[in-house]
Amino acid sequence: MPRVLGAVVLAAALLVVPSAPAHADEVEQVVNGGFTDGTDPWWSSPGMPITRTDGQACVTVPGGTANKWDAALGQNDIDLVAGETYRFSFRASGAPGGHVLRALTGLSVAPYDPYFEASPVLTAAGDAYSYTFISAVTTDQAQVAFQLGGSADGWGFCLDDVSLVGGVPPEVYVPDTGPRVRVNQVGYLPSGPKRATLVTEATTALPWQLRNAAGRVVARGATTPRGVDASSGQNVHSLDFSGYRRAGSGFTLVADGETSRPFDLGTAAYDRLRTDALKFFYTQRSGIEIRDDLRPGYARPAGHLDVAPNLGDGDVPCQPGVCDYRLDVTGGWYDAGDHGKYVVNGGISTWQLLSEYERGTRTHATNPGLAIPESGDRVPDILDEARWELEFLLEMQVPAGHPYAGMVHHKVHDASWTGLPLLPHLDPQQRQLHPVSTAATLNLAATAAQAARLYRRYDPAFAKRALAAARTAFTAAQADPALYAPASDGNGGGAYNDSVVDDDFYWAAAELYLSTGQKRYADFVLASPVHTADVFGPGGAFDWGNTAAAGRLDLALVPSKLPGRAGVKASVVRGAQKYLALQQAHPYGVAYGPANNAWDWGSNSLILNDLVVVASAYDLTGERRYRDGVLEGMDYLLGRNALNVSYVTGYGEVSSHNQHSRWYAHELDPALPHPPVGSLAGGANSSIQDPYAQSKLSGCVAQFCYIDDIQSWSTNELTINWNSALAWVSAFVAAQR
Ligand code: 9MR
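The paragraphs below set out a description of the structure included in this document. (Residues numbered from 1 in each chain as written. Predicted model: local features only at pLDDT ≥ 70, side-chain atom pairs only at ≥ 80, totals over all residues. Heavy atoms only, no water.)

Here we take up the packing of helix 2 (residues 343–363) against helix 8 (residues 548–557). Running from N to C, helix 2 and helix 8 point in directions that differ by 15°, and their axes come no closer than 12 Å. In this view, helix 2 runs roughly parallel relative to helix 8, as classed from their interaxial angle. The chirality of how helix 2 crosses helix 8 is left-handed. On helix 8, the residues touching Ile348, Trp351 and Arg362 of helix 2 are Ala550, Leu553, Asp554 and Leu557. A per-class count over the contact of helix 2 with helix 8 returns five nonpolar, no polar and two charged. (Axes fitted to C-alpha atoms, helices over the stretch in contact; angles between N-to-C directions. Helix = DSSP H or I, 4+ residues; strand = E, 2+ residues; numbered from the N terminus. Parallel < 35°, antiparallel > 145°, perpendicular 65-115°, else oblique. Left-handed = near helix turned anticlockwise from the far one by under 90°. Contact = heavy atoms within 4.5 Å. Nonpolar A, V, L, I, M, F, W, Y, C, P; charged D, E, K, R; others polar.)

Reading across from one edge, 26-28-29 is the order of the three strands in this open sheet, with antiparallel pairing throughout. The sheet is open, and its two edges are formed by strand 26 (341–342) and strand 29 (431–433), each paired on a single side. Where strand 26 meets strand 28 (residues 411–414), two bridges bridge the pair, whose relative direction is antiparallel. From the neighbouring strand, Lys341 faces strand 28, where its bridge partner is Val412. (Pairing = 2+ DSSP bridges.)

Looking now at the sheet that holds strand 11 (residues 139–147). Ordered by their spatial adjacency, five strands build an open sheet running 3-6-11-8-9, and the pairing between neighbours is antiparallel. Strand pairing shows two members of the sheet lacking a second neighbour, strand 3 (43–44) and strand 9 (114–118), which therefore form its edges. Sheet topology places strand 3 next to strand 6 (residues 72–80); two bridges connect them, and they run antiparallel. Bridging from a neighbouring strand, Trp43 pairs with Gly74 of strand 6.

This brings us to the site of the ligand. Of all residues adjacent to the ligand, which total eleven residues, the nearest are Asp335, Gly494, Trp544, Trp601 and Glu717. Between Asp335 and the ligand, the recorded distance is 3.0 Å, taken from a side-chain N or O atom to a nitrogen atom. Class assignment of the residues belonging to the shell around the ligand gives a composition of five nonpolar, two polar and four charged. (Near = heavy atom within 4 Å. Polar contact = N/O pair within 3.5 Å; in protein donor to acceptor, adjacent residues only side chain to side chain.)

A few words on the pairing of strand 12 (residues 155–166). Taking burial as the measure, the twelve residues of strand 12 include ten buried ones, the bulk of the element. Note: strand 2 (residues 27–28) against strand 12, two bridges, orientation antiparallel. In the sheet register, Glu28 faces strand 12, and the bridge partner there is Val165. Here strand 5 (residues 56–61) pairs with strand 12 via five bridges, running antiparallel. Residue pairing in the sheet places Val61 in a bridge with Trp155 of strand 12. Of the pairings in the sheet, the one linking strand 7 (residues 85–95) to strand 12 comprises nine bridges and is antiparallel in character. When the sheet's bridge partners are listed, Ala92 is paired in strand 12 with Leu159. (Buried < 20%, exposed > 50% of the residue type's maximum accessible area, 1.4 Å probe, protein only.)

See the structure below:
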């Protein structure tokens, strides 16, 4: 998937170890990198001539450009060979200091794929920079480029000694994984299971100690050797201190001469996490100003209203040739670190927030205040937040009188990819509606039907409107059951391609049945082969593309007179049993076992969604082992893992905080914030599709295929459907005492 991305400052925690002396056949690719022979063959943006000053190349960067690449200099016709290691080095200065340079090696023609990039903050005195990367491609059309645009004021930039040397020895990236005793760094519930994992060469049991904040040993025991863990390649032991049940903070575990990161025994952190995971959605909102009084440090103007340079979502055309009308599709949530809005991902995310709320109605849970503009309107904040997206999903439905009326556009996003950082209100790209799809139409049918039963007591008119839209959508999808969003439609936004829609039909029919009780929807559910299929696979129970489990869970949990409902419930319990078995066999307690140990994009959300099934089995049976399984399942996300990192920003001693985002892009621009506390990173992804991860993690084993860098969009993005999973599970955990 081509993407134009921003750049990065190398994270301080990373160790880069040169592994061998230089080869004899190192080859310089840059011509005249020292500018000794004038400025040829270097180019620069129009209006920004290169001058030679003290033997360097200098430019006066104009102020007021929008994008990083609007002011640039570089050199084309560079050869790259796939698999070869390159050292990219240069000297640079910027006056006044503090400007961020985007230095990259990438394709010199559209779509300008970056192969490697870095974003150092320049000093006026100048510094030497050197990076190593492995090229993923063979091309004779590469360039080295230095992008300087995007600042309000003009400034001076000088460059010297530019070099790109091929054939250098590869560097071995070694993540800093801290102490070998791996714990849930946030904390364990006093009444819950308490397990940890020790990475060790030892093959026989070792003693462990639990110490309180004062350093006193309060429990002790022996580890259980577990052999080599396939998901990390590490030899590990597990240890169990569930017998200790006293609350407190600052505990550590000591084993094999190592002391774990500190953790709490308590419940308070989960009350906060539950709220923070939901608060994430407000700052993802499109079409509304984000208020500093509600989110200190995160204020920004409304994005994609029709205010320049935004072209806006108020009157959006289709892609050329797709339709001849325009729609107002303002509002909704930005999907992730990009500015796209995608119905299939909005659908599962909305479903999950509504499902969290609906579970709360059964368990008499309180709904936390989220500090959103609607707070205090007597509607639970979680419903107000979900409605922000629901209104957008409804806008994406083709109005009566047009071709495909009742169907739903798959997505709306920029005509081409933008770079990072880029605040939503500064995105200058044309927005476009993409073709309708059966999957998107059924996502609207499912979520609007679900909304109809949940908003009825707060806003009957909205509930009625939602139900009418859901019915229309379902009927339209039946008339056009095979309009699939293609994988090829991925410029400027994610493809979210999906050519299997039996699951979406089943889910939509289930929600329509649960909200209306109508026989026609029950008949559809009962006749669907999906109804009796095993939908709880080891690779993750559900996600945006696999929604059968969403329907199955609601049919099991939401009261109805569906014939054979006992069997539906039993199928969920059987699914949960499989996840518990996976968890028990896993030395890190992970209820996730994808085929071939190939961890998927967004694995953290799949791990969480498996826990949703386990939690649902607890709701159905009241059996404590399911509740304990969910609690233990959180450990991996919060630090008990091969990398010793909590994947939730601000939770745990070391947590992900450089997630790929165009506006929480602190790593690229110190004036911008990190992602808000409670933001979940996508997590380990065996396929490492982005060049940055490829340059650092090549050959990684599952759990190690993750890097907390803003450039790593395939392992470290943040997304509405991942935070919805975190919100659901953390609400479950917070309700346990
Ligand atoms: O989460 C999506 C993942 O399941 C897919 O494998 C991947 C590639 O199609 O796309 C992910 O979704 C991204 C979307 O395409 C664009 N916005 C950011 C999403 C998260 O990375």
